[in-house]
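Close look at the chain arrangement
The residues making up each chain are set out below.
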Amino acid sequence: MAFLLALGIALFITPWVRKAAFQIGAVDRPDPRKVHSKIMPRMGGLAVFIAFGVTVLFTQQLDNRIIGLLIGGCMIILLGILDDTRGLPAKVKLAGQIAAAAAVIPFGIQVDFITNPLNGHLVHLGAWGIPVTVFWIISVTNAINLIDGLDGLAGGTSFIAALTLAAVTWQQAHLLGGLGMDVVSLALILAAATLGFLRHNFYPARIFLGDTGSMFLGYALSVLAVMGVAKAATAISVIIPMVILGIPLLDVFFAILRRYQSHRPIFQPDKEHLHHRIMALGLSHKQTVLAIYAINLVLGISAFLLTVITTSQAVLLLFILAVVIIVAANKIGVIGRATRAGIQSSVSVSQNLQQRSSKM
């Protein structure tokens, strides 16, 4: 019922949010970096938040963590609306994100420990848990925000991530107690709200998520990961959220690396993100989005497998994923020329060493 309620609210309210976006000037105008050619309403994430928030209030038993999530969500939504309507400087946005991320900590949402994947021992963070939590939330928030470059891309990626998070948390519910099933419910509600919005956002989109939506989805996913998977004391638990959100996190990492290598400001936008590079290979707008959906599904299935296989098998799977990602990123061209040259140089050195050892 909660899933259907969130889905129905998002489907129904999105057209109203679209009208409101035009009325208050929350619109996205075309420019050379963007793929759309006409003025589009943004702020669509407000519909996702309303569907999520109303459903949670009416179907879930509220506790401190859920209240903290909703309060922080309100803060990030207000920040997004201001950015969508007025355009905020990067430093102001970052300050608002830090405030929203820190807002959940008094409500018990915090990374208390990480598990050493080498020996399975817990490393208690103590006071360091606060900056680690804030850094994680801000990282995922901006990762989803940056990947929001094509119709339905950020929404579909978040939908798959939310479903995966629900599945992984359900699988590990015995390690989390009652909180585990609460996170499963919240993740499914978030997935339903996002799916309802995607009906209006998939190519050709009638409304964009805007910073309102992309930041809220990243924020909600990061907080739910802290509430759920990050609390599981397993050797591989610290890696699972990173695999679930692999595409947006890697896209951010490669973007920072690219801009650092070319001596450009880290926050300066470019047209070398994953979706830009895939489109440059000849895929259409819709095909590019579906291709990235498929990659997200593979990573989601991999994240679930990490919870049901042995530690040694998990390490092997992670190694295979890492090799595939590096090779694919190098081929597509999202990691920058300097890094590609470094990889090719490393490969050449490795091949030379192998030849010398074979001669010996």
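Residues numbered from 1 in each chain as written. Predicted model: local features only at pLDDT ≥ 70, side-chain atom pairs only at ≥ 80, totals over all residues. Heavy atoms only, no water.

**Digging into the environment of leucine 198**
This is how it is decided: Secondary structure follows DSSP: runs of H or I at least 4 residues long count as helices, runs of E at least 2 residues long count as strands, and numbering of each begins at the N terminus. Contacts were defined at the residue level, with two residues in contact if any of their heavy atoms lie within 4.5 Å.
Assignment of secondary structure puts leucine 198 in helix α8 (residues 178-201). Each C-alpha atom of the pair leucine 198 and valine 48 lies 9.6 Å from the other, and the pair is 150 residues apart in sequence. If near-sequence neighbours (up to four positions away) are discounted, leucine 198 is found in contact with Gly152, Gly155, Gly156, Phe159 and Tyr293.

**Observations regarding the packing of aromatic side chains**
Selection criterion: Any Phe, Tyr or Trp ring, taking Trp's six-membered ring, that has another such ring centre within 6.5 Å forms a pair; planes under 30 degrees apart are called stacked, those over 60 apart edge-to-face, and the others tilted. Only protein chains enter the accessibility calculation, which uses a 1.4 Å probe; a residue is then buried when its area is under 20% of its type maximum, exposed when over 50%, and partly exposed in between.
For the coordinates displayed, the defined rule picks out three aromatic pairs. For the pair phenylalanine 49 and phenylalanine 216, a centre-to-centre distance of 5.2 Å together with 80° between the ring planes defines the contact as edge-to-face. Of this pair, phenylalanine 49 sits in helix α2 (residues 45-59) while phenylalanine 216 sits in helix α9 (residues 210-227); the two residues are 167 residues apart in sequence, bridging distant segments of the chain. One exposure class covers both phenylalanine 49 and phenylalanine 216, and it is buried. The interplanar angle of 35° and the centroid separation of 6.3 Å between the aromatic rings of phenylalanine 202 and tyrosine 293 together place this pair among those described as tilted. One end of the pair, phenylalanine 202, is in the loop between α8 and α9; the other, tyrosine 293, is in helix α13 (residues 285-305), and 91 residues separate them in sequence. Members of the aromatic cluster, joined through ring pairs, are Phe49, Phe52 and Phe216.

**Topic: a nonpolar patch on the surface**
Applied cut-off: Every patch collects residues that have over 30% relative accessible area and no salt bridge, joining them within 9 Å if they carry like charges and within 5 Å if they are nonpolar side chains (Val, Leu, Ile, Met, Phe, Trp, Tyr). The Shrake-Rupley method, run with a 1.4 Å probe sphere, supplies the accessible areas, and residue values consider only the shown protein chains as cover. When a carboxyl oxygen of Asp or Glu is within 4 Å of a side-chain nitrogen of Lys or Arg, the pair counts as a salt bridge.
Taken together, the side chains of Leu5, Leu57, Phe58, Leu62, Ile67, Ile71 and Met75 present a nonpolar region at the surface, about 620 Å² in accessible area. Put simply, the parts of the chain that give the nonpolar patch at least two residues each are α2 and α3 (64-86). The greatest single-element share of the nonpolar patch, amounting to three residues, is contributed by α3.

**Here's the deal with the pattern of salt bridges**
Counted under the stated rule, the structure contains three salt bridges. Between aspartate 84 and arginine 42 there is a salt bridge; the shortest N-O distance is 3.8 Å. In this pair, aspartate 84 sits in helix α3 while arginine 42 sits in the loop between β2 (40-41) and α2, placing the two residues 42 residues apart along the sequence. For aspartate 84, a relative accessible area of 1% gives the class buried. Residues aspartate 211 and lysine 93 are paired through a salt bridge, measuring 2.9 Å at the closest nitrogen-oxygen approach. Here aspartate 211 is found in helix α9, whereas its partner lysine 93 is found in helix α4 (residues 90-103), with 118 residues between them in sequence. Relative accessible area serves as the criterion here: at 14%, aspartate 211 is assigned to the buried category. Here the salt bridges share partners, and the residues they tie into one network are Asp83, Lys93 and Asp211.

**Observations concerning a positive patch on the surface**
As a reminder, the rule being used: The sign given to each residue is positive for Lys and Arg and negative for Asp and Glu; His and the chain ends receive no count. Charge positions are represented by NZ for Lys, CZ for Arg, CG for Asp and CD for Glu.
A grouping of Arg18, Lys38, Arg199 and Arg206 is seen on the molecular surface, where their side chains present a positively charged patch. Tracing the backbone through its elements, the reader meets arginine 199 in helix α8.

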